[in-house]
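Below are the chains, spelled out letter by letter.
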Amino acid sequence: MKTFIVAVLALMALQAFASPTPEEMYGSLDKDGKYRQMQEQVDQMIQKSEEATRDKAAKQKIALWVALAIGFIPLCAIGKQVLSKRTWDENPSGTRQALVIGLVGAALLFGLNYGIFLLKIEYGSRFNAALAAALVLLLTIGAIYVVRKK
């Protein structure tokens with residue numbers, strides 16, 4: 001039994017060394033080198049696809065951070081006013097309302113900017129950035145009008 005196991009292991013070891021490479025396998029069939037060219041093209045396409053995926057992920061990450069930074073601008077301005085004027089002593093409910101409105105505005109601004117950035121990344125030159133900027137400006141003006149109307 002031990003001899004049989006040793007013989008099987010020896011044959012398996014020889015088989016590992018005797019496995020042909022793709023060049024040896026297709027050498028007789030691939031006289032013109034077409035298989036090798038096709039394989040190299042497929043490898044290049046896979047590599048380009050992986051690079052494009054990495055680049056897109058990096059751009060999306062940058063878009064996320066920029067949109068977050070832009071979104072926090074109104075909230076920081078409101079927080080600065082609240083802290084400098086100490087409005088929570090005189091008008092705590094107004095301070096809460098201002099902070100909630102600032103938070104909602106920051107979330108809306110973040111969402112709009114992030115959406116615009118993702119559309120620009122996805123569609124590139126086909127996406128009209130001027131139209132998107134006009135839409136954001138219009139929404140901002142509308143929000144200011146609604147807030148001041150009260």
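Computed from a prediction, not measured in an experiment: that's the story for all the values here.

Definitions and cut-offs
Residues numbered from 1 in each chain as written. Predicted model: local features only at pLDDT ≥ 70, side-chain atom pairs only at ≥ 80, totals over all residues. Heavy atoms only, no water. Helix = DSSP H or I, 4+ residues; strand = E, 2+ residues; numbered from the N terminus. Buried < 20%, exposed > 50% of the residue type's maximum accessible area, 1.4 Å probe, protein only. Areas by Shrake-Rupley, 256 points an atom, 1.4 Å probe, with all protein chains shown as cover. Phe/Tyr/Trp six-rings, centres within 6.5 Å; stacked < 30°, edge-to-face > 60°. Contact = heavy atoms within 4.5 Å. Salt bridge = Lys/Arg side-chain N within 4 Å of Asp/Glu carboxyl O. Patch = residues over 30% accessible without salt bridge, like charges linked within 9 Å, V, L, I, M, F, W, Y side chains within 5 Å. pLDDT = per-residue confidence, 0-100.

A count of helices and strands for the protein chain gives six helices and zero strands. Overall, the protein chain shows an N-to-C arrangement of helices and strands of α-α-α-α-α-α. Burial status across the protein chain gives 10% buried among its 150 residues. Surface exposure of the protein chain reaches about 12,500 Å², of which carbon and sulfur atoms provide 67%.

Here we come to the packing of aromatic side chains. All told, the structure shown has one aromatic pair when counted by the stated rule. Their ring planes at 10° and their centres at 5.6 Å tell us that Phe-110 and Tyr-114 sit as a pair that is stacked. You can see Phe-110 and its partner Tyr-114 sitting in helix α5 (residues 92-123), four residues apart, about one turn around the helix.

Bringing the side chain of Asn-113 into the picture now. Looking at the secondary structure, you find Asn-113 in helix α5. Here Asn-113 is in contact with Ala-67 and Ile-70, once residues within four sequence places are set aside.

What follows covers the pattern of salt bridges. Going through the model one piece at a time under the given rule, you end up with one salt bridge. For the salt bridge of Lys-56 with Glu-122, the shortest nitrogen-to-oxygen distance reads 2.8 Å. With a gap of 66 residues between them, Lys-56 in helix α3 (residues 34-85) and Glu-122 in helix α5 connect regions that are remote in the sequence. Assessed through its relative accessible area of 34%, Lys-56 is described here as partly exposed.

Together, Met-1, Phe-4, Ile-5, Val-8, Leu-9 and Met-12 line one region of the surface with nonpolar side chains, adding up to about 660 Å² of accessible area. Residue placement: Ile-5 occurs in helix α1 (residues 2-18).

Across the protein chain, the average pLDDT comes to 80, with 87% of residues at or above 70. The secondary-structure element of the protein chain with the lowest mean pLDDT is helix α2 (residues 22-26), recorded at 64, while α3 shows the highest, at 86.

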